[in-house]
Amino acid sequence: KMKTFLLLIGHGSKAALANEQLKQLAALYPLSNQIQAVQVAYLEICQPDIATGIDLCVQNGATQIIVMPYFLFDGVHVAKDIPEILEGGRKRYPKVSIKMTKAIGVDEGMVGLIVERVTSVLN
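Residues numbered from 1 in each chain as written. Predicted model: local features only at pLDDT ≥ 70, side-chain atom pairs only at ≥ 80, totals over all residues. Heavy atoms only, no water.

## Details of helix α4 (residues 108–121)
At step 1: Burial analysis of α4 places just 0 of its 14 residues in the buried class, a small minority of the element.
At step 2: Taking the backbone nitrogen of G109 as reference, a side-chain oxygen 2.7 Å away marks D107 as the first, capping residue of α4. (Buried < 20%, exposed > 50% of the residue type's maximum accessible area, 1.4 Å probe, protein only. Helix = DSSP H or I, 4+ residues; strand = E, 2+ residues; numbered from the N terminus. Polar contact = N/O pair within 3.5 Å; in protein donor to acceptor, adjacent residues only side chain to side chain.)

Here's what the structure looks like:
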């Protein structure tokens, strides 16, 4: 049976609170028979970086890693930088399946959140 980990990737920030919020989000992810653990990693500035995040997943028994770039849009990081790093992980761990989801992007689910945030500051 596959042991599947979610690798949640943030950009990384000099602001410690921003990095901590990604960890808080990861802690809220509902574990299940499909996803047994969540690991956080950052593209830059912070540790663990993405390569180390992959290493940590494998060291903890992952046979499949689902990578979720917690980015709003499909910019260069999502389209090029992250896939290149993941390819390095696939070469290091050829027996581990590493798949990447889409970024958050344009999604109807985001509209409700935007409406909620706007409404919260209206008089």
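## Thoughts on helix α2 (residues 50–59)
The periodicity of an α-helix, 3.6 residues per turn, causes residues three or four places apart in sequence to face the same way.
At step 1: Among the residues of α2, I50, G53, I54, D55 and C57 are the ones counted as buried.
At step 2: Contact partners of the buried residues in α2: β1 (4–10), β2 (37–42), β3 (64–69), α3 (76–92) and β4 (97–100).
At step 3: Immediately downstream of α2, the backbone of G61 shows phi near 100 degrees, a positive value. (Contact = heavy atoms within 4.5 Å.)

## Looking at the pattern of salt bridges
At step 1: Going through the model one piece at a time under the given rule, you end up with 3 salt bridges.
At step 2: A salt bridge links D55 to R92, with the shortest nitrogen-to-oxygen separation between them at 3.0 Å. Here D55, found in helix α2, pairs with R92, found in helix α3; they are 37 residues apart in sequence, far enough to count as distant.
At step 3: One salt bridge in this structure joins K80 and E84, with 3.2 Å as the shortest N-O distance. Placement of the pair is K80 and E84 together in helix α3, with a separation of 4 residues, close to one helical turn.
At step 4: Taking the relative accessible area as the measure of exposure, K80 reaches 44% and is therefore partly exposed. (Salt bridge = Lys/Arg side-chain N within 4 Å of Asp/Glu carboxyl O.)

## Remarks on unusual backbone geometry
At step 1: In this chain, Q47 is followed by P48 through a cis amide linkage whose omega measures 0 degrees.
At step 2: Tracing the backbone shows P48 in the loop between β2 and α2.

## Brief notes about the pairing of β1
At step 1: Most of β1 sits out of view: 7 of its 7 residues are buried.
At step 2: Neither face of β1 is open: one carries T4, L6, L8 and G10, the other F5, L7 and I9, and all of them are buried.
At step 3: In this sheet, β3 lies alongside β1 in parallel orientation, the contact comprising 6 bridges. Note on β3: the bridge partner recorded for L7 is V67.
At step 4: Pairing analysis gives 6 bridges linking β1 to β2, with the strands arranged parallel. By the bridge assignment for β2, L8 is matched with V40.
At step 5: For the crossover from β1 across helix α1 (residues 16–28) to β2, the handedness is right-handed. (Pairing = 2+ DSSP bridges. Right-handed = clockwise from strand over helix to strand, strands pointing away.)

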